[in-house]
Amino acid sequence: MTFANVRPPLLVAVLIGVLSLGCSLRGDSSDAEIREEMRDVYVLSDELFSFAWSADESFSAEEKKRVSYLLARLDKDFHKVEKVAGSREIEPGFEQSLKSQQLMLRDIRKRLKGDNDEYTIWRLRGMMSNCVSCHSRFAQARDFPARGAKTDRDTFAGSLAEADFLVATRQFDKGSAALLRLARDTDNLGISAGDSFDALKHWLLVEVRVKARYLPAAETIKSIQRESRFDGYRDSILEAWVADLKDLANFDGGAGDLSYVGLLLENRLDNESIEAQERRLVKTLRATAILHQMLSTKLPPEQRREALYLLGYAYEQIPIASLEGFGDAYLEQCIEDFPGTEQARKAYRLYKDSVEVQATGSGGIHLDDEQLNRLSELRKLAFG
């Protein structure tokens, strides 16, 4: 897919993400302040989503002006959120999402002043990663009542954007249903089995991490198997998902148990194949939900550093595009928060491998000066 064909469903998610971050924190007075600071963001959501998914392939001068105004508003909102949330211990998922959003926001505002609309659109699209990841960290007591949004395009990308919009705005039941329809009823969109399978992975994220509907999810997957939509290797992955979902339904160690998390993540290999990661996806998602829940409470330092390392390790094993990048972010935080520890050293080795794999091309590894400097800084912290 070229940049020109990627319109950002995610202008909206940039703003929705700010509001929804506050909705997923603990329910104390500062949470109420966060939600109050961000509530008016929803007024802009429908306009921005339609704007991002218009039929045009580039921004007009007026569109750039409007987008620039909205991003300036968002920048102020971020600073307000940071001021309120920064006064207490923040769960890493929230903290990393906030940091990442701020960095991308600054870059997008700068890019808007130039003529490279394709790159700007690509960066805007990346905003959804933060929203979906942050809002689906662990079980939510209830969905957030909000409106959905529609695109102008009858395509898989447009339909996936609509479903992701529902998840990003914490309308999880609606988002789950939309993703499942996309995985099953895609003939009219003419998409590949691979696209359909990707939608199913997004659906599984909601069913396992947010709703914990293990047996219903297993039954749904079995019905999909009977439809014979997927080929042999993907069908075998569905078999593994069904087995793991049933295991979770029969016994789930629950939050607060690092030894159980270790069992969920055991026998993993660094840089294992995508197929192997997909096969283990149910257990990995459950592990991340437990770790996020643990890290949202005050843990003893020895438990916190282990949980933070395991969270980064687990995210490196999740083959879902919207969650890419979070593994590296959590590994960095582990190194920075707990320098000189065994967990920091393990986190550095995994982080270094991840960065080098991403920078590897036909001519070998190509790291820029910024990446090399960052690796040097983290190595000093990890090894002293």
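For the structure itself, consult the block above.
Structure report, in brief. Along each chain, the written sequence defines residue order, and numbers are assigned to residues from 1. A pLDDT threshold of at least 70 governs which residues receive local features in this predicted model, and a stricter bar of 80 or more applies before side-chain atom pairs are shown or counted, although totals over entire chains, interfaces and linings include all residues. For the side-chain quantities, the full set of heavy atoms in the structure was used; hydrogens and water were omitted.

The next point concerns helix 17 (residues 342-358). Comment: elements are numbered from the N terminus, with helices defined as DSSP H or I runs of at least four residues and strands as E runs of at least two. Any helix carries an expected span of 1.5 Å times its number of residues minus one. With 17 residues, helix 17 should reach 24 Å at 1.5 Å per residue; the first-to-last C-alpha distance of 25 Å fits that figure. Residue exposure (1.4 Å probe, protein chains only): buried if accessible area is under 20% of the type maximum, exposed if over 50%, otherwise partly exposed. All buried positions along helix 17 are accounted for by Gln343, Ala344, Ala347, Tyr348, Leu350, Tyr351, Ser354, Val355 and Glu356. Residues of helix 17 that are buried in the fold lie against helix 15 (301-315), helix 16 (326-337), strand 1 (360-361), strand 2 (364-365) and helix 18 (369-383). Contact definition: two residues touch when any of their heavy atoms are within 4.5 Å.

Moving on, we get to the pattern of salt bridges. Whenever a carboxyl oxygen of Asp or Glu lies within 4 Å of a side-chain nitrogen of Lys or Arg, that contact is scored as a salt bridge. Under the counting rule described, the total for this entry stands at 14 salt bridges. The partner of Glu336 in a salt bridge is Arg374, with the nearest N and O atoms 2.5 Å apart. Pair noted here: Glu336 is in helix 16 and Arg374 is in helix 18, with a separation of 38 residues, a long-range link. Since its relative accessible area comes to 36%, Glu336 is described here as partly exposed. For Arg374, a relative accessible area of 21% corresponds to the partly exposed category. The residue Glu377 makes a salt bridge to Arg374 at a minimum N-O spacing of 3.2 Å. Separated by 3 residues within a single helix, Glu377 and Arg374 lie in helix 18, roughly one turn from each other.

Moving on: the packing of aromatic side chains. Any pair of Phe, Tyr and Trp rings, taking the six-membered ring for Trp, is counted once the centres come within 6.5 Å. Such a pair is stacked with planes under 30 degrees apart, edge-to-face with planes over 60 apart, and tilted for the rest. This model, assessed by the stated rule, comprises 8 aromatic pairs. A ring pair is formed by Phe251 and Tyr260, whose centres lie 5.8 Å apart and whose planes are at 85°; its orientation type is edge-to-face. Between Tyr348 and Phe383, the ring centres sit 5.8 Å apart and the planes meet at 90°, which makes this aromatic pair edge-to-face. Pair noted here: Tyr348 is in helix 17 and Phe383 is in helix 18, with a separation of 35 residues, a long-range link. Using a relative accessible area of 6% as the deciding quantity, one classes Tyr348 as buried. Since its relative accessible area comes to 31%, Phe383 is described here as partly exposed. Here a set of aromatic residues connected by ring pairs shows up, and it is made of Phe197, Phe230 and Trp241. The ring centre of Phe383 lies 4.8 Å from the NZ or CZ of Arg379, which sits over that ring. Our definition puts a charge over a ring when NZ of Lys or CZ of Arg is within 6 Å of the ring centre and also within 35 degrees of the ring normal.

We now examine the side chain of Ser296. Structurally, the position occupied by Ser296 is in the loop between helix 14 (281-295) and helix 15. By relative accessible area, which is 8% here, Ser296 ends up buried. Between N or O atoms, a polar contact is any pair within 3.5 Å; within protein, one atom must be a potential hydrogen donor and the other a potential acceptor, and residues adjacent in sequence are included only when both atoms are from side chains. Among the polar contacts listed, one links the side chain of Ser296 to the backbone oxygen of Gln293, at a separation of 2.6 Å.

This paragraph deals with the layout of surface pockets. Where empty space is left becomes clear once a probe the size of a water molecule has been rolled over the atoms. In this structure, the second largest pocket encloses a volume near 510 Å³. Secondary-structure elements contributing two or more residues to the lining of the second largest pocket are helix 13 (274-279), helix 16 and helix 17. When residues in the lining of the second largest pocket are grouped by element, the largest group, 4 residues, is from helix 17. Every definition here rests on a 1 Å grid over the protein atoms only: cavities are sets of points where a 1.4 Å probe fits but cannot get out, pockets are open sets enclosed by protein on both sides within 12 Å along at least five of seven lines, and lining residues have some atom within 4 Å of a point. Grid points are joined across faces, edges and corners, and a volume is the space filled by probe spheres set on the points.

A few words now on the packing of helix 10 (residues 214-226) against helix 11 (residues 232-250). Where helix 10 meets helix 11, the closest approach of the two axes is 8 Å, and the angle between their N-to-C directions is 160°. Taken together, the axis directions place helix 10 and helix 11 in an arrangement best described as roughly antiparallel. The element helix 10 and its partner helix 11 pack so that their crossing is left-handed. Contact residues: helix 10 offers Tyr214, Leu215, Ala217, Ala218, Ile221, Lys222, Ile224 and Gln225, while helix 11 offers Asp235, Leu238, Glu239, Trp241, Val242, Leu245, Lys246, Leu248 and Ala249. Note that Gly is not counted as nonpolar here; it falls among the polar residues with everything else outside the nonpolar set of Ala, Val, Leu, Ile, Met, Phe, Trp, Tyr, Cys and Pro and the charged set of Asp, Glu, Lys and Arg. When the residues that make up the contact of helix 10 with helix 11 are grouped by side-chain class, the tally is 12 nonpolar, 1 polar and 4 charged. Geometry is summarised by axes, namely lines fitted to C-alpha atoms with helices restricted to the contacting stretch, and by angles between N-to-C directions that run from 0 to 180 degrees. In this scheme, roughly parallel covers angles under 35 degrees and roughly antiparallel covers those over 145, while 65 to 115 is roughly perpendicular and the rest are oblique. Put simply, a crossing is left-handed when the front helix is turned counterclockwise from the back one by less than a right angle, and right-handed when it is turned clockwise.

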